[in-house]
Amino acid sequence: MKRIFSTAIIVLLMNLGSILQLQAQNIIAANEHPVLVSSDYSFTEGPATDANGNVYFTDQPNNRIIKWAVDGTASVFMEPCGRSNGLYFDRDGKLLACADEQNQLWSIDVTTKEHTVILTDFEGKLLNAPNDLWIAPQGGIYFTDPFYKRPYWDDSTRTAIKENVYYISPDRKSIKVVEQDVVKPNGIIGTPDGKLLYVADIGDSKTYSYKIKKDGSLSKRKLFCEMGSDGMTLDNQGNVYLTGKGVTVFNSKGEKIEHIPIEQGWTANVTFGGKNNDVLFITAMNSVYTVKMNVKGAN
């Protein structure tokens, strides 16, 4: 009898653990689903959130950056914008932009809308075109540099250099390659403590995690999941959000826990925003969507 009772307790605890695990994975707020904000764009990309929860994103073919305010309204923030793609806010509130038109990295003052060119080349060679970026807590900048031939480039014969992941020092005086064993790096995001970096190799349908060393270099590369991504973000539970066919969410162990389908099909990028940092903001082809979440953005 004692053994049967003990076995029953163990089964009950296992079932309770499973229930709690399922509850923990309920990351979308009850009865919520993707809501179309607007479909008045050509191709949306690069969402980045400011300190107040406003989201800035790019409409790249139209050469403009749009600001989605926490009150739900959207307006043109900057036009032209150097054909900006990926965006990210630095510690000083400047908006960093992967300016695709001339393969540069920009720092934009959101008050004056004036920009400073941070980067134009690597060791004298023109970059492919910075695509997506993440800024570590100490100020170092990681960015991906895949090659996508653009019709607006003056030199139509240009070919790719090695498609790498780069790191710019916090003082922005030096740049180095931190990952070159990838096919086509694209989405990139790091943890708030600055210890872990995720890089999506969209060309090989894989996403990797790396330990970040004190000098900004990477170590202990690990396959995170068998899926690439155009853009990505993290929530405050350590879950990783990848884009492509809708939004697919993995926990910190690389286990798939959620999929958010999007009517447009292809999703380019994703971030958290809103007044309470609990609105998932999704760029998808000519549209943008929002989803109310039970979790908040990590960054």
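In this text, all values refer to a predicted model and were calculated from it rather than measured experimentally. Residues take numbers from 1 onward in each chain, read along the sequence in its written order. Restriction of local features to residues with pLDDT of at least 70 applies here, the model being predicted, together with a cutoff of 80 or more for giving and counting side-chain atom pairs; totals for whole chains, interfaces and linings are based on all residues. Water and hydrogen atoms were dropped before computing side-chain values, which therefore reflect all heavy atoms in the structure.

Some thoughts on the sheet that holds strand β6 (residues 84-89)
Pairing between two strands is assigned when DSSP locates at least 2 bridges connecting them. A run of H or I in DSSP becomes a helix once it reaches four residues, and a run of E becomes a strand once it reaches two; helices and strands are each numbered from the N terminus. Pairing is antiparallel in the open sheet, where four strands are placed in the order β6-β7-β8-β9. Two strands bound the open sheet, and with one partner strand each, they are β6 and β9 (115-119). Going across the sheet, the axis of each strand differs from the next one's by a mean of 30°, ignoring polarity. The pairing of strand β8 (residues 104-108) with β9 spans four bridges and is antiparallel. Each residue of the ladder has a partner; that of W106, found in β9, is V117. With axes taken as lines fitted to C-alpha atoms, and helix axes fitted only over the stretch in contact, angles between N-to-C directions fall between 0 and 180 degrees.

Description of the confidence of the model for the chain
Residues at a pLDDT of 70 or more form 91% of the chain, whose mean pLDDT is 91. Residue-level confidence of the predictor is what pLDDT reports, using numbers from 0 through 100. Residue contacts are counted whenever heavy atoms from the two residues lie within 4.5 Å of one another. A low-confidence stretch, residues 4-24 (pLDDT under 50), is modelled with zero contacts involving residues beyond four sequence positions or located in other chains.

Quick notes on the nonpolar core
To form a nonpolar core, buried Ala, Val, Leu, Ile, Met, Phe, Trp, Tyr and Cys residues must be joined to one another through side-chain atoms within 4.5 Å. When accessible area is computed with a 1.4 Å probe and restricted to protein chains, residues below 20% of their type maximum are described as buried, those above 50% as exposed, and intermediate ones as partly exposed. Within the largest apolar cluster, 38 residues are counted, with the highest numbers of intra-cluster contacts made by L133, W134, Y142 and L197. Once residues lying within four places of it in the same chain are set aside, the contact partners of L133 are G86, L87, Y88, L96, C98, L105, I141, Y142, F143 and I188. If you look at the next biggest cluster of nonpolar residues, it comprises 17 residues, including I27, Y241, I257 and L280.

Quick word on the sheet that holds strand β21 (residues 240-244)
The sheet built from four strands is open, its strands ordered β20-β21-β22-β23 with antiparallel pairing. Each having just a single partner strand, β20 (232-234) and β23 (256-260) make up the two edges of the open sheet. Pairwise comparison of adjacent strand axes, ignoring direction, gives a mean angle of 20° for this sheet. Relative to β23, strand β22 (residues 246-250) runs antiparallel, the two being bridged by four bridges. Bridge pairing links V249 to E258 in β23.

Considerations on the pairing of strand β24 (residues 269-273)
Summarising burial for β24: five of the five residues are buried, a large majority. Of the two faces of β24, the one holding N269, T271 and G273 and the one holding V270 and F272 are both buried throughout. The sheet contact formed by β24 and strand β25 (residues 279-284) spans five bridges and is antiparallel. From the neighbouring strand, T271 faces β25, where its bridge partner is F281.

Let's talk about the side chain of T144
Among the structural elements, T144 can be located in strand β13 (residues 141-144). Excluding residues that lie within four positions of it along the chain, T144 makes contacts with A129, P130, N131, D132, N164, V165, P185, N186, G187 and I188.

What to know about the packing of aromatic side chains
Pairing of aromatic rings covers Phe, Tyr and Trp, the last through its six-membered ring, and needs centres within 6.5 Å; plane angles under 30 degrees mean stacked, over 60 mean edge-to-face, and all others mean tilted. A complete count under the given rule lists 14 aromatic pairs for this structure. When the ring of Y56 is compared with that of F89, the centres are 5.3 Å apart and the planes differ by 70°; the resulting orientation is edge-to-face. Of this pair, Y56 sits in strand β3 (residues 55-59) while F89 sits in strand β6; the two residues are 33 residues apart in sequence, bridging distant segments of the chain. Exposure class is identical for Y56 and F89. Each is buried. Geometrically, the ring pair formed by W68 and F281 is tilted, given 5.4 Å between the ring centres and 50° between the ring planes. With a gap of 213 residues between them, W68 in strand β4 (residues 64-68) and F281 in strand β25 connect regions that are remote in the sequence. There is no split in this pair, since W68 and F281 are both buried. Of the aromatic side chains, those joined through ring pairs into one cluster are Y41, F57, W68 and F281.

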